[in-house]
Amino acid sequence: QVQLVESGGGLVQAGGSLRLSCAASGGTFSFYVMGWFRQAPGKEREFVAGITWSGDRTLYADSVKGRFTISRDNAKNTVYLQMNSLKPEDTAVYYCAADRENLLRRSYSVYDYWGQGTQVTVSS
């Protein structure tokens, strides 16, 4: 059983940056694809970014490509999401998730473990 804890959310002005972290415990972190998702009020949870076991491949939603960067440190059992040039439409609860299959997939239904989420609010 893998436990995931997100941190780093907060309130930021449009154009600003935040770095989210997700610390994993209870499993072999390096054996999981890690993903970031977000959910805004009244909307479905949507894929933001994913990274393979070794970090050699990444995948991004079109809406964040060029602004967000996902990375991982397997020695620290942590995955990161660097968010730059933030926009009000990026406001959401951000979740990290772990997938036991080494495939980069956008569907939230395939991810096996989830964190509790961290709120990101971008003011205009």
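Heads up: the structure comes first, above all this text.
The rules behind each value
- Residues numbered from 1 in each chain as written.
- Predicted model: local features only at pLDDT ≥ 70, side-chain atom pairs only at ≥ 80, totals over all residues.
- Heavy atoms only, no water.
- Salt bridge = Lys/Arg side-chain N within 4 Å of Asp/Glu carboxyl O.
- Buried < 20%, exposed > 50% of the residue type's maximum accessible area, 1.4 Å probe, protein only.
- Core = buried A, V, L, I, M, F, W, Y, C linked by side-chain atoms within 4.5 Å.
- Helix = DSSP H or I, 4+ residues; strand = E, 2+ residues; numbered from the N terminus.
- Contact = heavy atoms within 4.5 Å.
- Pairing = 2+ DSSP bridges.
- Axes fitted to C-alpha atoms, helices over the stretch in contact; angles between N-to-C directions.

1. Remarks on the pattern of salt bridges
Counted according to the given criterion, the structure contains six salt bridges. Asp99 is paired through a salt bridge with Arg105; the nearest N and O atoms lie 2.8 Å apart. Residue classification places Arg105 among the partly exposed residues on the basis of a relative accessible area of 26%.

2. Focus on the nonpolar core
Formed by 31 residues in total, the largest nonpolar core has its most connected members in Leu4, Met34, Trp36, Leu81, Met83 and Tyr94. Taken together, the elements giving at least two residues each to this core come down to β3 (18-25), β4 (33-39), β5 (46-51), β7 (68-73), β8 (78-83), β9 (92-99) and β11 (118-123). Every residue in contact with Leu81, bar those within four places of it in the chain, is listed here: Leu18, Arg19, Leu20, Trp36, Val48, Ala49, Phe68, Thr69, Ile70 and Tyr94. Counting five residues, the second largest nonpolar core, distinct from the first, contains Val33, Phe37, Ala97 and Tyr111.

3. Here we look at the sheet that holds β8
Taken in spatial order, the four strands line up as β1-β3-β8-β7 in an open sheet, and their pairing is antiparallel. Bordering the open sheet on either side are β1 (3-7) and β7, each of which pairs with just one other strand. Taking the axes of each pair of neighbouring strands and ignoring which way they run, one obtains an average angle of 15° across the sheet. Across five bridges, β1 lies against β3 in antiparallel orientation. Looking at the pairing, Glu6 lines up with Cys22 of β3.

4. Focus on the environment of Ala61
Structurally, Ala61 can be placed in the loop between β6 (58-60) and β7. The contact partners of Ala61, leaving out residues within four places of it in the chain, are Phe47, Val48 and Arg106.

5. Some thoughts on unusual backbone geometry
Positioned with a positive phi, Asn77 is a non-glycine residue whose angle comes to about 55°. Residue placement: Asn77 occurs in the loop between β7 and β8. Owing to a relative accessible area of 26%, Asn77 belongs among the partly exposed residues under this scheme. Even without being glycine, Ser85 reaches a positive phi, approximately 50°. Secondary-structure assignment places Ser85 in the loop between β8 and β9. The exposure class of Ser85 is partly exposed, given its relative accessible area of 42%.

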